[in-house]
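Now for the letters of each chain:
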Amino acid sequence: QVQLVESGGGLVQAGGSLRLSCAASGSFLRINVMGWYREAPGKQRELVATITSSGSTNYAHSVKGRSTISRDNAKNTVILEMNSLKPDDTAVYYCSCEADLTFFVSRRMYWGQGTQVTVSS
């Protein structure tokens, strides 16, 4: 099993920046992909950004160019930095990962508890 604990978020003014951190712990063989998703009120959860263990990144169009995702494989942590924040970025942000638990149990998805980000205009 994998536990994900997020930190960061809170209330930010439009145009400001935020830094979200997530640490994975538990019993697993390796973590393949780590990422961030968000869910705004009345909307479906959507991808924000992901990063593979080799460092390949993928960003949602809405945050591309003003977001950076990074990870520390040794510490099993992932960080999302966003700037030029807009009220539309207001959402609960969830950390996620895809992990191989054993050689026979692979590609399991896990989610953090979520952290609220509110961008005021």
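As shown above, the structure is provided for reference.
Overview of the structure. It should be emphasised that the depicted structure is a prediction, and the values quoted were computed from it without experimental measurement.

The alternating pattern of strand E7 (residues 67-72) places Ser67, Ile69 and Arg71 on a buried face, while none of Thr68, Ser70 and Asp72, on the opposite face, is buried. Two elements, E7 and strand E8 (residues 77-82), share six bridges in a ladder whose sense is antiparallel. Across the sheet, residue Arg71 finds its bridge partner in E8, namely Val78. What sits between the antiparallel neighbours E7 and E8 is a turn of four residues, in which Asn76 has the positive phi angle 55°.

A word on the sheet that holds strand E3 (residues 18-26). Taken together, four strands build an open sheet; the order of strands is E1-E3-E8-E7 and the sheet is antiparallel. The open sheet has two edge strands with one neighbour each: strand E1 (2-7) and E7. Neighbour to neighbour, the strand axes of the sheet diverge by 15° on average, direction disregarded.

This paragraph deals with the pattern of salt bridges. Two side chains carrying opposite charge are able to pair once their charged atoms lie near each other. What the rule picks out here adds up to seven salt bridges. Of the charged contacts in the structure, one is a salt bridge between Arg30 and Asp100, with a shortest N-O distance of 3.0 Å. Here Arg30 is found in strand E4 (residues 30-39), whereas its partner Asp100 is found in strand E9 (residues 91-100), with 70 residues between them in sequence. Between Arg107 and Glu98 there is a salt bridge, with the nearest N and O atoms lying 3.5 Å from each other. For Arg107, a relative accessible area of 61% corresponds to the exposed category. Each of Arg38, Glu46, Arg66 and Asp89 takes part in a single network of salt bridges with overlapping partners.

On to unusual backbone geometry. Unusually for a residue other than glycine, Ser84 sits at a positive phi of about 50°. By the element assignment, Ser84 lies in the loop between E8 and E9.

This next bit is on the state of the cysteines. Summed over all chains, the structure comprises one disulfide. Among the cysteines around Cys97, which has no disulfide bond, Cys95 carries the closest sulfur, lying 6.8 Å off.

With that settled, the discussion passes to the nonpolar core. Within the largest apolar cluster, 31 residues are counted, with the highest numbers of intra-cluster contacts made by Leu4, Trp36, Leu80 and Tyr93. Put simply, the parts of the chain that give this core at least two residues each are E1, E3, E4, strand E5 (46-52), E8, E9 and strand E11 (115-120).

Before going further, it helps to examine the packing of aromatic side chains. This model, assessed by the stated rule, comprises one aromatic pair. A centroid spacing of 5.0 Å and a plane angle of 70° characterise the contact between Tyr37 and Trp111, whose relative ring orientation is edge-to-face. Of the two residues, Tyr37 sits in strand E4 while Trp111 sits in strand E10 (residues 108-111), which places them 74 residues apart along the sequence. Given the relative accessible area of 19%, Tyr37 is considered buried.

Analysis parameters
- The residue numbering used here restarts from 1 in each chain and proceeds along that chain's sequence as written.
- Only residues with pLDDT of at least 70 get local features here, since the model is predicted, and only at 80 or more are side-chain atom pairs given and counted; chain-wide, interface and lining totals rely on the full set of residues.
- Each side-chain value is derived from all of the structure's non-hydrogen atoms; neither hydrogens nor water enter the calculation.
- When accessible area is computed with a 1.4 Å probe and restricted to protein chains, residues below 20% of their type maximum are described as buried, those above 50% as exposed, and intermediate ones as partly exposed.
- Numbered from the N terminus, helices here are DSSP runs of H or I no shorter than four residues, and strands are runs of E no shorter than two.
- When DSSP locates at least two bridges between a pair of strands, those strands are taken to pair.
- Helix axes are fitted only over the stretch in contact, all axes being lines through C-alpha atoms; the angle between N-to-C directions runs from 0 to 180 degrees.
- When a carboxyl oxygen of Asp or Glu lies within 4 Å of a side-chain nitrogen of Lys or Arg, that pair is called a salt bridge.
- A pair of sulfur atoms, both from cysteines and within 2.5 Å, is called a disulfide here.
- In these notes, a set of buried Ala, Val, Leu, Ile, Met, Phe, Trp, Tyr and Cys residues joined through side-chain atoms within 4.5 Å is what counts as a nonpolar core.
- In this analysis, rings of Phe, Tyr and Trp, with Trp reduced to its six-membered ring, are considered paired at centre separations within 6.5 Å, and the interplanar angle assigns stacked below 30 degrees, edge-to-face beyond 60, and tilted for intermediate values.

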